[in-house]
Amino acid sequence: MKLPEESLGFLVTDVARLMRRNFNRRAQGLGLSLGQWRALAFLARQEGVKQVTLAESLEIQAITLARLIDRLEEAGLVARRPDPDDRRAIRLYLTPHAQPLLDQMWELATKTHEDAMADLSEVARDQLIKALQQTKKSLLSAEDRLCDGDVEEIERNENVAKRV
(Lines give C-alpha, C1' and ligand atoms only; values in the text may rest on other atoms or scores of the structure.)
Protein backbone atom coordinates (compact mmCIF):
# COMPACT_ATOMS: atom_id res chain seq x y z
CA MET A 1 0.00 0.00 0.00
CA LYS A 2 1.33 3.40 -0.97
CA LEU A 3 1.73 6.15 1.54
CA PRO A 4 -0.08 9.41 0.72
CA GLU A 5 3.33 11.09 0.30
CA GLU A 6 4.02 8.66 -2.57
CA SER A 7 0.64 8.96 -4.29
CA LEU A 8 0.32 11.18 -7.37
CA GLY A 9 -3.20 12.28 -6.43
CA PHE A 10 -2.26 13.24 -2.87
CA LEU A 11 0.90 15.01 -3.96
CA VAL A 12 -0.79 17.01 -6.72
CA THR A 13 -3.60 17.99 -4.33
CA ASP A 14 -1.16 19.00 -1.57
CA VAL A 15 1.06 20.98 -3.94
CA ALA A 16 -1.97 22.76 -5.45
CA ARG A 17 -3.31 23.61 -1.96
CA LEU A 18 0.06 24.94 -0.81
CA MET A 19 0.49 26.99 -3.98
CA ARG A 20 -2.99 28.49 -3.53
CA ARG A 21 -2.17 29.34 0.08
CA ASN A 22 1.16 30.91 -0.91
CA PHE A 23 -0.53 32.92 -3.67
CA ASN A 24 -3.41 34.01 -1.40
CA ARG A 25 -1.00 35.34 1.21
CA ARG A 26 0.72 37.41 -1.44
CA ALA A 27 -2.56 38.65 -2.94
CA GLN A 28 -4.40 39.57 0.29
CA GLY A 29 -3.94 43.29 -0.21
CA LEU A 30 -5.47 43.34 -3.69
CA GLY A 31 -9.00 42.82 -2.40
CA LEU A 32 -10.17 39.88 -4.49
CA SER A 33 -11.15 36.41 -3.33
CA LEU A 34 -9.52 33.28 -4.73
CA GLY A 35 -12.74 32.55 -6.62
CA GLN A 36 -12.64 35.99 -8.21
CA TRP A 37 -8.98 35.53 -9.16
CA ARG A 38 -9.74 32.16 -10.72
CA ALA A 39 -12.67 33.59 -12.68
CA LEU A 40 -10.54 36.45 -14.01
CA ALA A 41 -7.73 34.06 -14.95
CA PHE A 42 -10.12 31.76 -16.84
CA LEU A 43 -11.69 34.74 -18.59
CA ALA A 44 -8.27 36.01 -19.62
CA ARG A 45 -7.69 32.65 -21.35
CA GLN A 46 -11.15 32.39 -22.86
CA GLU A 47 -12.88 35.74 -23.16
CA GLY A 48 -16.44 35.62 -24.37
CA VAL A 49 -17.10 32.30 -22.66
CA LYS A 50 -20.67 31.52 -21.70
CA GLN A 51 -21.42 31.97 -18.02
CA VAL A 52 -22.54 28.32 -17.67
CA THR A 53 -19.30 27.10 -19.29
CA LEU A 54 -17.21 29.19 -16.91
CA ALA A 55 -19.09 27.70 -13.95
CA GLU A 56 -18.28 24.21 -15.23
CA SER A 57 -14.61 25.12 -15.76
CA LEU A 58 -14.34 26.50 -12.24
CA GLU A 59 -16.28 23.50 -10.89
CA ILE A 60 -18.78 25.68 -9.07
CA GLN A 61 -22.55 25.97 -9.21
CA ALA A 62 -24.01 28.42 -11.73
CA ILE A 63 -25.67 30.46 -8.96
CA THR A 64 -22.36 30.75 -7.11
CA LEU A 65 -20.69 32.01 -10.27
CA ALA A 66 -23.54 34.44 -10.90
CA ARG A 67 -22.94 36.07 -7.50
CA LEU A 68 -19.18 36.10 -8.06
CA ILE A 69 -19.65 37.74 -11.48
CA ASP A 70 -22.08 40.25 -9.93
CA ARG A 71 -19.27 41.40 -7.62
CA LEU A 72 -16.71 41.52 -10.44
CA GLU A 73 -19.15 43.46 -12.60
CA GLU A 74 -19.81 45.94 -9.75
CA ALA A 75 -16.04 46.39 -9.43
CA GLY A 76 -15.87 47.22 -13.15
CA LEU A 77 -13.73 44.20 -14.00
CA VAL A 78 -16.16 42.05 -15.98
CA ALA A 79 -18.94 42.80 -18.46
CA ARG A 80 -21.88 40.55 -19.29
CA ARG A 81 -23.15 40.58 -22.86
CA PRO A 82 -25.98 38.63 -24.44
CA ASP A 83 -24.98 35.75 -26.70
CA PRO A 84 -25.93 36.75 -30.27
CA ASP A 85 -26.78 33.12 -31.10
CA ASP A 86 -28.69 32.17 -27.93
CA ARG A 87 -31.05 34.61 -26.22
CA ARG A 88 -30.83 32.67 -22.94
CA ALA A 89 -27.03 32.67 -22.74
CA ILE A 90 -24.74 35.33 -21.32
CA ARG A 91 -21.15 35.76 -22.43
CA LEU A 92 -18.47 37.22 -20.17
CA TYR A 93 -15.72 39.68 -21.06
CA LEU A 94 -12.97 41.43 -19.15
CA THR A 95 -13.03 45.19 -19.04
CA PRO A 96 -9.89 47.29 -19.52
CA HIS A 97 -9.84 47.81 -15.72
CA ALA A 98 -9.14 44.10 -15.23
CA GLN A 99 -5.79 44.11 -17.03
CA PRO A 100 -3.76 45.90 -14.32
CA LEU A 101 -5.07 43.43 -11.72
CA LEU A 102 -4.29 40.51 -14.01
CA ASP A 103 -0.76 41.83 -14.48
CA GLN A 104 -0.33 41.97 -10.70
CA MET A 105 -1.85 38.51 -10.37
CA TRP A 106 0.65 37.02 -12.83
CA GLU A 107 3.55 38.71 -11.01
CA LEU A 108 2.39 37.15 -7.75
CA ALA A 109 1.86 33.80 -9.48
CA THR A 110 5.41 33.97 -10.84
CA LYS A 111 6.74 34.49 -7.32
CA THR A 112 4.68 31.55 -6.07
CA HIS A 113 6.02 29.38 -8.91
CA GLU A 114 9.56 30.45 -8.04
CA ASP A 115 8.97 29.45 -4.41
CA ALA A 116 7.53 26.10 -5.48
CA MET A 117 10.47 25.25 -7.72
CA ALA A 118 13.26 26.94 -5.78
CA ASP A 119 15.15 23.72 -5.10
CA LEU A 120 14.77 22.26 -8.60
CA SER A 121 17.33 22.61 -11.36
CA GLU A 122 16.23 24.11 -14.68
CA VAL A 123 16.24 20.61 -16.20
CA ALA A 124 14.11 19.23 -13.35
CA ARG A 125 11.67 22.15 -13.74
CA ASP A 126 11.27 21.46 -17.45
CA GLN A 127 10.83 17.73 -16.81
CA LEU A 128 8.20 18.38 -14.15
CA ILE A 129 6.20 20.69 -16.42
CA LYS A 130 6.41 18.25 -19.34
CA ALA A 131 5.40 15.31 -17.12
CA LEU A 132 2.39 17.22 -15.77
CA GLN A 133 1.38 18.31 -19.28
CA GLN A 134 1.52 14.70 -20.43
CA THR A 135 -0.42 13.56 -17.37
CA LYS A 136 -3.10 16.15 -18.12
CA LYS A 137 -3.25 15.04 -21.76
CA SER A 138 -3.57 11.38 -20.71
CA LEU A 139 -6.36 12.16 -18.24
CA LEU A 140 -8.25 14.21 -20.82
CA SER A 141 -7.94 11.34 -23.28
CA ALA A 142 -9.19 8.87 -20.65
CA GLU A 143 -12.07 11.22 -19.83
CA ASP A 144 -13.04 11.39 -23.51
CA ARG A 145 -13.06 7.59 -23.70
CA LEU A 146 -15.26 7.37 -20.60
CA CYS A 147 -17.60 10.06 -21.92
CA ASP A 148 -17.78 8.23 -25.24
CA GLY A 149 -19.04 5.20 -23.33
CA ASP A 150 -16.10 2.93 -22.68
CA VAL A 151 -18.62 0.58 -21.13
CA GLU A 152 -16.07 -2.13 -20.33
CA GLU A 153 -13.94 0.22 -18.24
CA ILE A 154 -16.97 1.67 -16.48
CA GLU A 155 -18.22 -1.85 -15.64
CA ARG A 156 -14.76 -2.90 -14.39
CA ASN A 157 -14.68 0.14 -12.10
CA GLU A 158 -18.17 -0.59 -10.83
CA ASN A 159 -17.18 -4.20 -10.07
CA VAL A 160 -14.08 -3.00 -8.19
CA ALA A 161 -16.18 -0.54 -6.22
CA LYS A 162 -18.62 -3.31 -5.25
CA ARG A 163 -15.75 -5.37 -3.82
CA VAL A 164 -14.46 -2.48 -1.71
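Located above this text is the structure these notes cover.
What you see is a predicted model, and the numbers here were worked out from it, not measured in a lab. (Residues numbered from 1 in each chain as written. Predicted model: local features only at pLDDT ≥ 70, side-chain atom pairs only at ≥ 80, totals over all residues. Heavy atoms only, no water.)

Undergrad: Even after reading the chapter, I still don't get the pairing of strand E2 (residues 86-94), so can you show me in this structure?
TA: With 6 bridges connecting them, strand E1 (residues 78-83) and E2 associate as antiparallel partners. Of the residues in E2, the one forming a bridge with valine 78 is leucine 94. As consecutive antiparallel partners, E1 and E2 are separated by 2 residues. (Pairing = 2+ DSSP bridges. Helix = DSSP H or I, 4+ residues; strand = E, 2+ residues; numbered from the N terminus.)

Undergrad: I would appreciate a short explanation of a nonpolar patch on the surface in the present structure.
TA: On the surface, a cluster of nonpolar side chains totalling about 400 Å² of accessible area is made up of Leu8, Val12, Leu120, Leu128 and Leu132. Those elements giving two or more residues to the nonpolar patch turn out to be helix H1 (8-27) and helix H6 (122-147). Relative to the elements of secondary structure, leucine 128 occurs in helix H6. In this structure leucine 128 comes out as partly exposed when scored by relative accessible area, which is 35%. (Patch = residues over 30% accessible without salt bridge, like charges linked within 9 Å, V, L, I, M, F, W, Y side chains within 5 Å. Areas by Shrake-Rupley, 256 points an atom, 1.4 Å probe, with all protein chains shown as cover. Salt bridge = Lys/Arg side-chain N within 4 Å of Asp/Glu carboxyl O. Buried < 20%, exposed > 50% of the residue type's maximum accessible area, 1.4 Å probe, protein only.)

Undergrad: Teacher, can you tell me more about the packing of aromatic side chains here?
TA: Two numbers describe a pair of aromatic rings. These are the distance of the centres and the angle of the planes. For the structure on display, the rule yields 1 aromatic pair. Taken together, a centroid distance of 5.9 Å and an interplanar angle of 85° make the contact between phenylalanine 23 and tryptophan 37 edge-to-face. Taken together, the residues phenylalanine 23 in helix H1 and tryptophan 37 in helix H2 (residues 34-45) connect sequence positions 14 residues apart. Taken individually, phenylalanine 23 and tryptophan 37 each receive the classification buried, so the pair is uniform in this respect. When the ring centre of tyrosine 93 is taken as reference, the NZ or CZ atom of arginine 81 above it lies at 4.0 Å. (Phe/Tyr/Trp six-rings, centres within 6.5 Å; stacked < 30°, edge-to-face > 60°. Lys NZ or Arg CZ within 6 Å of the ring centre and 35° of its normal.)

Nothing here speaks to function; it is geometry throughout.
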